[in-house]
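Here is how the chains run, residue by residue.
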Amino acid sequence: MERTKLVHKYLRSEKKFPHLWCPGCGDGILMGAMIRAIDRLGLDQDNVVVVSGIGCSGRLTVYVDFNTLHTTHGRALSFATGIKLANPKLTVIVVMGDGDATAIGGNHFIHTARRNIDLCAIVINNNVYGMTGGQYSPTTPMGAKSATSAFGNIERPFDICELARGSGASWVARGTVYHVPMLDNLIMSAITKKGFCMLEVAAYCHTTFGRRNKLGKPTDMMRWMRDNSVRTEAFQKLSDEERMGKMEIGVLADFDYPEYCEMYDEVIRKSGGGA
Amino acid sequence: MEKKATERKGGKIKGTSRQQPQRKAKRAAASKSDAGQIVLISGNEACVEGALAAGLGFFAGYPITPATEISEVLSTRLPAVGGKFIQMEDEIASMAAIIGASIAGLKSMTATSGPGFSLMQENIGFGIIAEAPCVVVNVMRGGPSTGLPTNPSQGDVMQARWGRHGDHRIIVLCPNSVEECYTLTIKAFNFSEKYRTPVILLMDEVVAHMREKMTLPPESNIPVINRVKPSVPPEWHIPYENTPTGVPPMAAFGDGYRYHITGLVHDQHGFPTQRQDEIKEFQSRLTNKIEKARKELIMVETEFIDDAKVAVLSYGSTSRSARRAVTMARKGGSKAGIVRLLTLWPFPVRAVQRLSEHVDAIIVPEMNQGQLVGEVERHACGRCSVVPLNRYDGAMIEPEEILHTILEVE
Ligand SMILES: Cc1ncc(C[n+]2csc(CCOP(=O)(O)OP(=O)(O)O)c2C)c(N)n1
Ligand code: SF4
Ligand SMILES: [Mg+2]
């Protein structure tokens, strides 16, 4: 009950509901976690900006009561870069889908990570293009069926966390919509930590992906997450063989790279424009 | 010029100080006297000066000839006035970043050429529907594709008008001199702030790279318009309200007015809508706010037109050849006149209608295979003949070519 009340404080409940998500979709779980994290950090709603791309995940910005910007497909990080650099005092959270962040937005993803601008980037990875009806995405597992891979997907999937780490992100983590208390904590860290922080949230799309691949109901897909996720400390101790089919969760990278806006302040100083 | 005093004051009262960091101090130091500062600069540099004078606070871009100098100069000039410059990974990101910065309260701009302009189009459309003021400079080059990187062209007249998908209006200005690169950049910012919409400054390679003498006016003489911010408390603010002007006040993210911005067609509160009445009202407001402003937006210059029988209608650097041709023709006794468009879109419909009523022919020289000429024909409605004069071999149209056509038509 407590939790429900808290969530309502941050939802645009009288304005824009019911939402568009399918009953049982994992996107709402992430939305709840994000709200709890912001609340626990005691952030002023007026100073929080939430930017999203296009997809089922992108609709999140309509529902939460912050400064919200629903952008174009794949470009959320670039819009967010403009906002953050223009006013570094704002806390900027970016919510994207897997297709949004790593297909059409892949170029922006790697370059935003490389710049290490202080953003909290959340990628809801449901391994599919949900909104357009379940075509394969860059994170669809090999062999999986989708609206555009009836004979099984022949493309190798991205590991979004490896992609972020390799591109220079300060902080990289993976959580799931099953491990909810952990998800709350990961979002808190991603917001607090300076620099580009990327949190991949393993989610599911039972409607377009689960059904086609006979993965069952949302609860079945969550059970899979419960049974196959391994916290990074334990995962590191596993042999390659034992790692097969398992998903590493937790904080996967944590570095102290210089942050872009702070470095830009130095550019301003050098050019004689400092106050 | 218009509304200079009040708009500026309005901006200050509502605390847009963040919008133009230290611009004053810097400009004051740069000005040599009350009469302004005489400089010898290129069109691209003049565009930078104009942008800074208008209060530019944010620039994002990706290098491309013949627009690159704008990025290069701003990378040092902008931080020096406390503004932000960023080189993005491509033009899609550049366009997105300047819209983001605009939403965060800064005046923002990007500069590109044809290929980059094509990449920006989806997000320019976003800027239109989200009503985010910003300025997009396109220094045209021949195309399609990589085309003719350093040769002059006027091939993007229709791309500027119709590059985005869907139905919409757009403001496109087109300078023909270094000084006008300066003044029209300021105009572009003022229009974008006043009407909350992206404005396109369509330059060509000749005006961008040519160097001319001009006077940078003292700051007090520069008309600067800042977007109107909401004056009501946040609970009362309706972010996309259908106001009488059609331009709702705009709060920046972080100003305390939490609201939603989206590329989806939205209701007055900014939330996506599927209601037919709301969709129509919204689309009409976006169109009408530009249509109702035609008088202010449309800038047309005429010369030798009162008794003219043949008019040369042109824009951009081509108009310089046109002027020379008409002067030569006049010397030879021809009744030739000049019509020069500083505003390409919204198209100066009335000006062309009136012109077509009292000349026998309108010659339209363009460095393309005929783009704006179609619009001229459409509005001349057969009242006079419309004669295209096209050059698309990578070279400027020379005065003699236009003169030849004038004499032929006469
Ligand atoms: C430029 C562009 N191309 C294609 C689309 C169509 N489109 C909308 S959402 C989407 C895929 C969304 O997939 P994902 O990012 O994984 O988000 P999800 O719906 O799964 O949350 C696509 C291809 C679009 N809106 N814009
Ligand atoms: S289609 Fe899939 S991702 Fe989209 S709301 Fe439904 S379950 Fe969620
Ligand atoms: Mg997806």
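Residues numbered from 1 in each chain as written. Chains lettered and ligands numbered in written order. Predicted model: local features only at pLDDT ≥ 70, side-chain atom pairs only at ≥ 80, totals over all residues. Heavy atoms only, no water.

Let's talk about the interface of chain B and chain A
It is common to give the size of an interface as the accessible area that goes away when the parts come together. Condition: The contact rule is simple, with two residues in contact once any of their heavy atoms fall within 4.5 Å. Summed over both partners, the accessible surface that disappears when two parts come together, traced with a 1.4 Å probe, is what is meant by buried area. By salt bridge we mean one thing: a side-chain nitrogen of Lys or Arg within 4 Å of a carboxyl oxygen of Asp or Glu. Whenever two N or O atoms come within 3.5 Å, that pair is a polar contact, provided that in protein one can donate a hydrogen and the other can accept it, and provided that, for residues adjacent in sequence, both atoms are side-chain atoms. Elements are defined by DSSP. Helices are runs of H or I of four residues or more, strands are runs of E of two residues or more, and each kind is numbered from the N terminus. Think of it as three bins: nonpolar holds Ala, Val, Leu, Ile, Met, Phe, Trp, Tyr, Cys and Pro, charged holds Asp, Glu, Lys and Arg, and polar takes everything else, Gly as well. Between any two strands, at least two bridges found by DSSP are needed for them to pair.
Counting residues at the interface gives 43 residues for chain B, matched by 42 residues for chain A. Roughly 3,400 Å² of surface becomes buried between chain B and chain A when both sides are summed, with 60% attributable to carbon and sulfur atoms. Residue R115 of chain A is joined to E89 of chain B by a salt bridge in which the shortest nitrogen-to-oxygen separation is 2.6 Å. Connecting chain B to chain A are 17 residue pairs in polar contact (both at pLDDT 80 or more). Mapped onto the side of chain B that touches chain A, the elements with two or more residues apiece are α4 (68-80), β3 (84-87), α5 (91-103), α6 (114-130) and β9 (260-262) of chain B. Tallied by class, residues from the side of chain B that touches chain A come to 24 nonpolar, 12 polar and 7 charged. Strand direction decides the pairing type here: strand β2 (residues 67-70) of chain A and β9 of chain B, joined by 3 bridges, are parallel.

Quick word on the domain arrangement of chain B
Residue and element names in this part refer to chain B. For the record, the criterion: The split into domains, and so the bounds of each, comes from an automatic or database assignment of domains.
Assigned domains within chain B: domain 1 (38-221) and domain 2 (300-409). Measuring from the centre of the C-alpha atoms in domain 1 to the corresponding centre in domain 2 gives 26 Å. Facing the 26 residues of domain 1 at the interface are 23 residues of domain 2. Taking both sides of the interface into account, the surface hidden between domain 1 and domain 2 amounts to around 1,900 Å²; carbon and sulfur atoms contribute 56%. Three residues stand out in domain 1 for area buried against domain 2, namely Q154, V157 and N176, and they jointly supply 32% of the buried area on that side. One can count 2 salt bridges joining domain 1 with domain 2. Note that R320 is salt-bridged to E212, the shortest N-O span being 2.4 Å.

Points about the site of ligand 2
Where we set the bar: Being near a molecule or strand, for a residue, comes down to having at least one heavy atom within 4 Å of it.
Near ligand 2 you find W21, C22, C25, C56, N126, C205, H206 and T207 of chain A, and these make up its full shell. Looking at the shell around ligand 2 residue by residue, the classes come out as 5 nonpolar, 3 polar and no charged.

Let's talk about the sheet that holds strand β3 (residues 91-97) of chain A
Heads up, the condition is: Helix axes are fitted only over the stretch in contact, all axes being lines through C-alpha atoms; the angle between N-to-C directions runs from 0 to 180 degrees.
Read from one edge to the other, the open sheet built from 9 strands follows the order β7(A)-β8(A)-β5(A)-β6(A)-β4(A)-β3(A)-β1(A)-β2(A)-β9(B), with strand pairing classed as mixed. Each edge of the sheet is formed by a strand with only one pairing partner; in this case those strands are β7 (229-231) of chain A together with β9 of chain B. Averaged over all pairs of adjacent strands, the angle between strand axes in this sheet comes to 20°, irrespective of strand direction. Packed onto the sheet, helix α2 (residues 27-41) of chain A meets β1 (48-52), β3, β4 (119-125) and β6 (196-202) of chain A and runs at close to 170° relative to β3 of chain A. The sheet strands contacting helix α4 (residues 76-86) of chain A are β1, β2, β3, β4 and β6 of chain A, and the helix crosses β3 of chain A at an angle near 175°.

A closer look at the site of ligand 1
What counts here: All accessible areas in this document rest on Shrake-Rupley with a 1.4 Å probe, and a residue is counted as covered only by the protein chains that are shown.
As a structural note, the neighbourhood of ligand 1 is formed by 17 residues, with C56, S57, D98, D100 and G130 of chain A the closest of them. The residues that come close to ligand 1 belong to more than one chain, namely chains A and B. One of the backbone nitrogen or oxygen atoms of C56 of chain A is found 2.8 Å away from an oxygen atom of ligand 1. Backbone polar atom of D100 of chain A to an oxygen atom of ligand 1: 2.7 Å apart, as the coordinates give it. For ligand 1, whose free accessible area comes to 590 Å², the fraction covered by protein is 77%.

Considerations on the nonpolar core
Here is the rule: The set of buried Ala, Val, Leu, Ile, Met, Phe, Trp, Tyr and Cys residues whose side-chain atoms join them within 4.5 Å is what this entry labels a nonpolar core. Only protein chains enter the accessibility calculation, which uses a 1.4 Å probe. A residue is then buried if its area is under 20% of the maximum for its type, exposed if over 50%, and partly exposed in between.
Ranked by internal contacts, the top residues of the largest apolar core, which has 150 residues, are V51 and M198 of chain A together with F58, L74, M109, V137 and L344 of chain B. Looking at this core element by element, the count peaks at 9 residues for helix α8 (residues 178-195) of chain B. What L74 of chain B contacts, discounting residues up to four positions off in sequence, is V48, L52, L56, F59, P79, F85 and M109 of chain B. Within the second largest apolar cluster, 46 residues are counted, among which are M34, I93, W171 and A173 of chain A.

Topic: helix α13 (residues 260-270) of chain A
Definition in use: Regarding the arc, it is the one traced by the directions from the helix axis to the C-beta atoms.
All of the buried residues along α13 of chain A are Y260, C261, Y264 and I268 of chain A. Buried residues in α13 of chain A, looked at end-on, bunch into an arc of 90°, giving them a common side. In α13 of chain A, the exposed residues that point more than 90 degrees away from the buried face are R269 and K270 of chain A. Of the surrounding elements, those touching the buried residues of α13 of chain A are α4 and α6 (106-115) of chain A together with α4 and β3 of chain B. The opening residue of α13 of chain A, the one whose side-chain oxygen lies 2.9 Å from the backbone nitrogen of C261 of chain A, is E259 of chain A. Looking at the residues trailing α13 of chain A, positive phi occurs at G272 of chain A, about 90°.

What about the pairing of strand β5 (residues 134-140) of chain B?
All names here are of chain B. What counts is decided by this rule: Here, the term right-handed applies to a crossover whose path from the first strand over the helix to the second runs clockwise when the strands point away from the viewer.
Counting buried positions over the 7 residues of β5 gives 7, a clear majority of the element. Burial along β5 is two-sided: the face carrying C134, V136, N138 and M140 and the face carrying V135, V137 and V139 are both buried. With 4 bridges connecting them, strand β4 (residues 107-112) and β5 associate as parallel partners. Bridged to T110 within β5 is V136. In the classification by handedness, the crossover that spans β4, the intervening α6 and the parallel β5 is right-handed. Sheet analysis places β5 next to strand β7 (residues 198-204), joined by 7 bridges and oriented parallel. By the bridge assignment, V135 is partnered in β7 with V199.

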